[in-house]
Amino acid sequence: MPVISFVSSKGGVGKTTSAVVLAGEFAAAGRKVVLIDADPNRPLEAWARLKGTPDILRLMIDDSAETIIDTIEDARANADFVIVDLEGTATDRIGFAIARSDLVLIPLQSSVLDASEAAKSVKLVHQMRKVANREIPYRVFFTRVPPAIRERTARDIDRQFSDAAIPVLPATLIDRAAYRALFSLGGILHDLERSDVSGLESAKENGREFAQAVINALKGEGA
Ligand SMILES: Nc1ncnc2c1ncn2[C@@H]1O[C@H](COP(=O)(O)OP(=O)(O)O)[C@@H](O)[C@H]1O
Ligand SMILES: [Mg+2]
């Protein structure tokens, strides 16, 4: 079953948040998910300690280059979706995870094109394509997008990246308090109550759109 890795050359761009939002959407749709925390800082372990995980969502922790491939393949055999959360700095482990992925998602946290940040991750994916001797699909996507400029940003970015032949996911993750709340309250978006956080319905709708765009990318749309 598909393995999706979140990769970026920088910390703090929204990998872990996006990984939990995506895992939550799949779990809420009744799909079996394994979330692999491959970041030595163990952000997902800390997240899972808050409220546990839904039964259908299993967390595995592995930040070792020696075992990450086996962990990914073990997870693949036991889940509908495997989501790998990696840290920001380049390591062998990140290369190995990319080499085993069916889709690499590269978040950028800016409403302005930051081509050089994306380019580093894209270059790594291209290197791993040679190592694995196969196509490794990837998409760049924007996180923490201010709600008001979403549509325009999406259009601008699409144009700029298409000039550089870098495929962009046709969905962004908006900057929402609900996404931050996942890491103070724990659980997934579907566990939150309206009284917990403002803008919950918009965050849920955005999460659904994001997950659908990821599924479409797995099917090869927008390559
Ligand atoms: N879509 C979002 N909306 C609101 N806050 C976000 C969003 N994505 C990330 N953040 C916040 O940005 C910070 C970094 O996000 P994180 O997911 O930990 O990044 P990374 O895993 O790339 O280091 C965190 O404080 C997180 O709560
Ligand atoms: Mg992280």
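Up top is the structure these notes are about.
Residues numbered from 1 in each chain as written. Chains lettered and ligands numbered in written order. Predicted model: local features only at pLDDT ≥ 70, side-chain atom pairs only at ≥ 80, totals over all residues. Heavy atoms only, no water.

Q: Any details on the environment of A77? Residues and values, ideally.
A: Checked against the element boundaries, A77 lands in helix 3 (residues 68–78). Residue classification places A77 among the exposed positions, given a relative accessible area of 66%. (Helix = DSSP H or I, 4+ residues; strand = E, 2+ residues; numbered from the N terminus. Buried < 20%, exposed > 50% of the residue type's maximum accessible area, 1.4 Å probe, protein only.)

Q: Help me get a handle on helix 7 (residues 177–185), residues and values and all.
A: Those residues of helix 7 that sit buried are A178, Y179, A181 and L182. The arc that holds every buried residue of helix 7, seen down its axis, measures 155°, which confines them to one face. Immediately beyond the C-terminal end of helix 7, within one or two residues, lies G186, with a positive phi of roughly 85°. (Arc of directions from axis to C-beta.)

Q: Any chance you could break down the pairing of strand 1 (residues 3–6) for me, citing the residues and the numbers?
A: Judged by which residues are buried, strand 1 turns out to be covered on both faces: V3 and S5 on one side and I4 and F6 on the other are all buried. The pairing of strand 1 with strand 4 (residues 81–85) spans four bridges and is classified as parallel. When the bridges of strand 4 are listed, F6 appears paired with D85. As defined by bridge partners, strand 1 adjoins strand 5 (residues 103–108) across three bridges and the pair is classed as parallel. By the bridge assignment for strand 5, F6 is matched with L105. (Pairing = 2+ DSSP bridges.)

Q: Requested: an account of helix 2 (residues 43–51), with residues and values cited.
A: Taken residue by residue, helix 2 has L44, W47 and A48 as its buried positions. Down the axis of helix 2, the smallest arc covering the buried residues is 95°, so these residues share one side. Contacts from the buried residues of helix 2 go to helix 1 (15–28), strand 2 (33–37), strand 3 (57–61), strand 4 and helix 7. Directly beyond the C-terminal end of helix 2, a positive phi value near 70° is found at G52. (Contact = heavy atoms within 4.5 Å.)

Q: Got a sec to walk through the side chain of S8? Specific residues and values, please.
A: As for its position among the elements, S8 is in the loop between strand 1 and helix 1. A relative accessible area of 6% places S8 in the buried class. Here K10 takes part through its backbone oxygen, which lies 2.6 Å from a polar atom of the side chain of S8. At 3.0 Å, the side chain of S8 and the side chain of K15 are in polar contact. If we skip the residues at most four places from it in the chain, S8 touches V13, K15, E87, G88, P107 and S121. (Polar contact = N/O pair within 3.5 Å; in protein donor to acceptor, adjacent residues only side chain to side chain.)

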